[in-house]
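Overview (structure and organization)
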Amino acid sequence: MRRSLLIFLILLFLGIAVKSMAELPDDFDEPPTREQMGKVRERIETLRIWKLTKALDLDDRTSAQLFPVLNRYDKKRVEIEHALWSGMRELKESLKGKREGQLKGIIERLEADHKALQRINDSEREELKKILTVEQQAKFILFQQKFNREIKKIIAEARERRLERFKERR
């Protein structure tokens with residue numbers, strides 16, 4: 001009987017140890033730091049400029065007008081996106097901690113941030129209409145959709161590689 005109890009306890013502790021090794025760290029799905037995001041954004045922006053210049057067949061004059069506008073709106077979007085990430089993290093924590101009194105305020109802030117992001121996008125489109133031809137506007141819309149899809153895919157693949165490295169270390 002003692003032997004079977006000892007085997008049971010060993011198996012129980014092994015099961016707990018294996019389960020804890022398989023779990024992801026709490027910060028695994030946390031957004032990157034501002035510094036990390038800055039470096040990633042710079043790389044993405046360089047790639048976008050190169051691909052956008054080619055896709056829209058931009059001349060020097062149009063490029064000189066277009067890219068400052070895009071950069072200005074991108075900077076505005078970064079602030080709002082950071083607020084959205086923080087709000088979503090806060091929402092998740094409030095739900096997890098059963099802090100229902102905070103949920104309404106968090107949801108209202110998230111909705112306000114979404115509206116602000118929409119206003120930024122609308123303003124950007126209005127300025128682009130003044131710079132780009134109708135054909136270039138159409139190409140820009142298609143480019144943005146394709147480019148954003150590619151970036152999301154790259155980010156998903158990077159997360160998957162990070163997960164694999166994490167699993168290998170355990």
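Note that residues are indexed from 1 along each chain, following the sequence as it is written. In view of the model being predicted, local features appear only for residues whose pLDDT reaches at least 70, and side-chain atom pairs are presented and counted only at 80 or more, with totals across whole chains, interfaces and linings using the full set of residues. Think of the side-chain values as coming from all heavy atoms in the structure, minus any hydrogens and water.

1. So, the pattern of salt bridges
When the charged atoms of two side chains with opposite charge come close together, those side chains can pair. Applied cut-off: We define a salt bridge as a contact between a side-chain nitrogen of Lys or Arg and a carboxyl oxygen of Asp or Glu at a distance within 4 Å. Working definition: helices are DSSP H or I runs of at least four residues, strands are E runs of at least two. Numbering for both runs from the N terminus. The cut-offs for exposure are 20% and 50% of the maximum accessible area for each residue type, with area from a 1.4 Å probe on protein chains only; residues under the lower value are buried, those over the upper are exposed, and the others partly exposed.
Within the structure shown, the criterion is met by eleven salt bridges. Residue glutamate 90 pairs with arginine 109 through a salt bridge whose shortest N-O separation is 2.7 Å. Highlighted residues: glutamate 90 in helix H3 (residues 60-96) and arginine 109 in helix H4 (residues 100-131), separated in sequence by 19 residues. Looking at glutamate 90, the relative accessible area reads 31%, which means it is partly exposed. Arginine 109 sits in the partly exposed class, given a relative accessible area of 42%.

2. Some remarks on a positive patch on the surface
The cut-off we apply is this: Only residues above 30% relative accessible area that lack a salt bridge enter a patch, with like-charged residues linked at up to 9 Å and the nonpolar side chains Val, Leu, Ile, Met, Phe, Trp and Tyr linked at up to 5 Å. All accessibility values rest on the Shrake-Rupley procedure with a 1.4 Å probe; residue burial counts only the protein chains present in the view. The convention is simple: Lys and Arg are positive, Asp and Glu are negative, and His and the chain ends are not counted. Charged side chains are reduced to one point each, which is NZ for Lys, CZ for Arg, CG for Asp and CD for Glu.
Together, Arg159, Arg161, Arg162, Arg165, Arg169 and Arg170 make up a region of like positive charge exposed at the surface. Within the secondary structure layout, arginine 169 lies in helix H5 (residues 134-169).

3. Digging into the packing of helix H2 (residues 34-56) against H3
Formally: Convention adopted: a line fitted to C-alpha atoms gives each axis, helices being fitted over their contacting stretch, and angles between N-to-C directions are expressed from 0 to 180 degrees. Two helices cross in a left-handed way if the nearer one is turned anticlockwise from the farther one by less than a right angle. They cross in a right-handed way if the turn is clockwise. Contacts: residue pairs with any heavy atoms within 4.5 Å of one another. Residues were grouped as follows: Ala, Val, Leu, Ile, Met, Phe, Trp, Tyr, Cys and Pro as nonpolar; Asp, Glu, Lys and Arg as charged; and all remaining residues, including Gly, as polar.
Close contact between H2 and H3 brings their axes to 12 Å; oriented N to C, the two are set at 145°. Regarding H2 and H3, the two cross each other, and that crossing is right-handed. Of H3, the residues touching H2 (which contributes Arg34, Met37, Arg41, Glu45, Arg48, Ile49, Leu52 and Thr53) are Leu66, Phe67, Leu70, Asn71, Asp74, Val78, Glu81, His82 and Trp85. In the contact of H2 with H3, the residues fall into eight nonpolar, three polar and six charged.

4. Remarks on H3
Quick reminder of the rule: By this rule the span expected of a helix is its residue count minus one, scaled by 1.5 Å. Counting of polar contacts relies on pairs of N or O atoms within 3.5 Å, with two restrictions inside protein: one atom must be capable of donating a hydrogen and the other of accepting it, and residues adjacent in sequence are counted only when both atoms are side-chain atoms.
An ideal rise of 1.5 Å per residue puts 54 Å on 37 residues; H3 measures up with 53 Å between its terminal C-alpha atoms. Its side-chain oxygen placed 3.3 Å from the backbone nitrogen of arginine 61, aspartate 59 serves as the N-cap of H3. Directly beyond the C-terminal end of H3, a positive phi value near 55° is found at lysine 98.

5. Some points on the side chain of glutamate 45
Here glutamate 45 lies in helix H2. Once residues within four sequence positions are removed from consideration, glutamate 45 is found in contact with Asn71 and Asp74.

6. Concerning H4
Compared with an ideal rise of 1.5 Å per residue, which puts 32 residues at 46 Å, H4 spans 48 Å between its outermost C-alpha atoms and is within 8% of the ideal. Where H4 is concerned, the buried positions are Leu103, Ile106, Leu110, Asp113, Ala116, Leu117, Ile120, Glu124, Leu128 and Ile131. As for H4, its buried residues are in contact with H3 and H5.

7. A short note on the packing of H3 against H4
Spelled out, the test is: Oblique is the label for any angle not covered by the other classes, which are roughly parallel (under 35 degrees), roughly antiparallel (over 145) and roughly perpendicular (65 to 115).
Running from amino to carboxyl end, H3 crosses H4 at an angle of 170°, the nearest separation of the two axes being 9 Å. Classified by the interaxial angle, the pair formed by H3 and H4 is roughly antiparallel. Of the residues contributing to the contact of H3 with H4, the split by class is 19 nonpolar, eight polar and eight charged.

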